[in-house]
Amino acid sequence: KKRVIFVGDVHGHLVSLKALLHKLKFDEKNGDHLVFVGDLVNKGPDSAGVVALAMDVGASAVRGNHEDNVLRAHKTLQKKKHRKAQEILQTVPDRGTDGSVFGSREDLTETRKKHDDQARSVAKSLSKKQINWLSSLPLMLRIDHLHGAAHPPWNAKEIIVVHAGLVPAVPLHKQDPWAIMNMRTLLYRLRAKADDAPEAAGVAPPLADMKRHIEAIPSDARQGEPWSHSWNRFQNVSFPLHSDRTLVIYGHDARAGLQANPNVKKGKQGGRKRKGVRYAFGIDSGCGHGRKLTALVLEATGPDGVVMHRLEQV
């Protein structure tokens, strides 16, 4: 009866986290294991307490954009200790969380300044041991195929835990770190790609030899298609066998809310809509905004390969 318990964005709300674990009768000594999808810190009143609890129970976690902000703030504070007095007064530069991986930077807004001030405050509240723990968190966790799981989606090839998202069809080792922590949607553009090299240097291939393909660009804005919709479609259409598919558990998108309906839109065939299986589970239900905190509980219910999931909230 070992359980893997995935917890959505806690955002410093220690009371809610303790209430959720109490409701689940969480017991790490009996085989329960916690996995946080990032953003344990910021917004709430006790980020240090949340980190301490995660460390005490031996939890796993991935780095979210708020952990990244706190670590950057900590690094800036450490540098300031060694600067002259006049250098300490300089403005902290913008980190480019507007999507600078592919776009230009904007001036620091009031909202960004508020987030920076909060990140500095949290960084000051954390012990050296807690900072080191945050800095050790990976961008993604990979869980191998669940031995004995016989039914979709849990009989997938592997489960990936990230904070924000992944771009379909891009190998895991080539995913962009900024996108993994910040993306919400995908913007699409067409690009021409030559199949064959030109016969002579400097001579463009004929138009007939050019193919147009779609490139997906990750964005932290709301324009475009939610990346999870694309991920579900890609897994259902591209891999006929459930055992070849990859399931993702993520957080980050509180506005979109809980994304756990087992059925998703697969596409159309013969003018009829087809349903597919969900392979992207979003469990940020807005705890950082005064709403519920969610846990996705994964457990085996018997010897026949039935792996079930259920949701618990406080």
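The structure under discussion appears in the preceding block.
Quick caveat: nothing in here was measured; it's all calculated off a predicted structure.

### Observations concerning the overall build of the protein chain
Tallying secondary structure elements over the protein chain gives eight helices and 14 strands in all. Across the 314 residues in the protein chain, those meeting the buried criterion constitute 46%. Intrachain contacts of the protein chain at a sequence separation of at least 6 include 70% that bridge at least 24 residues. In the structure as shown, the protein chain presents an accessible area of about 17,000 Å², 52% of it carried by carbon and sulfur atoms.

### What to know about the sheet that holds strand β13 (residues 294-300)
Strand-to-strand pairing in sheets goes through backbone hydrogen bonds, with the strands running parallel or antiparallel. As summarised here, the arrangement of the five strands in space is β3-β2-β1-β13-β14, forming an open sheet in which the pairing is mixed. The strands lining the two open edges of the sheet, one partner per strand, are β3 (60-61) and β14 (307-313). Bridge analysis of β13 against β14 gives seven bridges, and the strand direction is antiparallel. The partner of glutamate 299 across the bridge, within β14, is methionine 308. Running over the sheet, helix α1 (residues 14-24) touches β1 (3-7), β2 (33-36), β13 and β14 and is turned about 135° from β14.

### A few points about the environment of leucine 241
Inspection of the secondary structure assignment puts leucine 241 in the loop between α8 (227-238) and β9 (246-250). On the basis of relative accessible area, leucine 241 is assigned to the exposed category, the value being 52%.

### With respect to α8
With 12 residues, α8 ought to run about 16 Å at 1.5 Å a step, and its terminal C-alpha atoms sit 16 Å apart, in line with that. Residues of α8 that are buried: Trp227, Ser228, Ser230, Trp231, Asn232, Gln235 and Asn236.

### Points about helix α3 (residues 65-80)
Over its 16 residues, α3 extends 23 Å from the first C-alpha to the last, a length consistent with the 22 Å expected when each residue adds 1.5 Å. Every buried residue of α3 is accounted for by Asn65, His66, Glu67, Asp68, Asn69, Val70, Leu71, Ala73, Leu77 and Lys80.

### Looking at the environment of histidine 252
Relative to the assigned elements, histidine 252 resides in the loop between β9 and β10 (263-269). Considering only alpha carbons, one finds histidine 252 and glycine 282, 30 residues apart in sequence, at a separation of 8.1 Å. If near-sequence neighbours (up to four positions away) are discounted, histidine 252 is found in contact with Asp9, Asn65, His163, Ala164, Met181, Asn182, Met183, Arg184 and Asp284. Of note is the side chain of histidine 252, whose polar atom sits 3.1 Å from the side chain of histidine 163.

### Things to note about the pattern of salt bridges
Within the structure shown, the criterion is met by 11 salt bridges. For glutamate 312, the salt bridge identified is with lysine 23, shortest N-O distance 3.6 Å. Taken as a pair, glutamate 312 in strand β14 and lysine 23 in helix α1 lie far apart in primary sequence, 289 residues in all. The class of glutamate 312 is buried, set by a relative accessible area of 19%. A relative accessible area of 46% places lysine 23 in the partly exposed class. Two residues, aspartate 68 and arginine 72, come together in a salt bridge whose shortest N-O distance is 3.2 Å. You can see aspartate 68 and its partner arginine 72 sitting in helix α3, four residues apart, about one turn around the helix. Relative accessible area serves as the criterion here: at 42%, arginine 72 is assigned to the partly exposed category. Because the salt bridges share partners, they merge into one network encompassing Lys23, Glu299, Arg310 and Glu312.

What counts, and where the lines are drawn
- Residues numbered from 1 in each chain as written.
- Predicted model: local features only at pLDDT ≥ 70, side-chain atom pairs only at ≥ 80, totals over all residues.
- Heavy atoms only, no water.
- Helix = DSSP H or I, 4+ residues; strand = E, 2+ residues; numbered from the N terminus.
- Buried < 20%, exposed > 50% of the residue type's maximum accessible area, 1.4 Å probe, protein only.
- Contact = heavy atoms within 4.5 Å.
- Areas by Shrake-Rupley, 256 points an atom, 1.4 Å probe, with all protein chains shown as cover.
- Pairing = 2+ DSSP bridges.
- Axes fitted to C-alpha atoms, helices over the stretch in contact; angles between N-to-C directions.
- Expected span 1.5 Å × (residues − 1).
- Polar contact = N/O pair within 3.5 Å; in protein donor to acceptor, adjacent residues only side chain to side chain.
- Salt bridge = Lys/Arg side-chain N within 4 Å of Asp/Glu carboxyl O.

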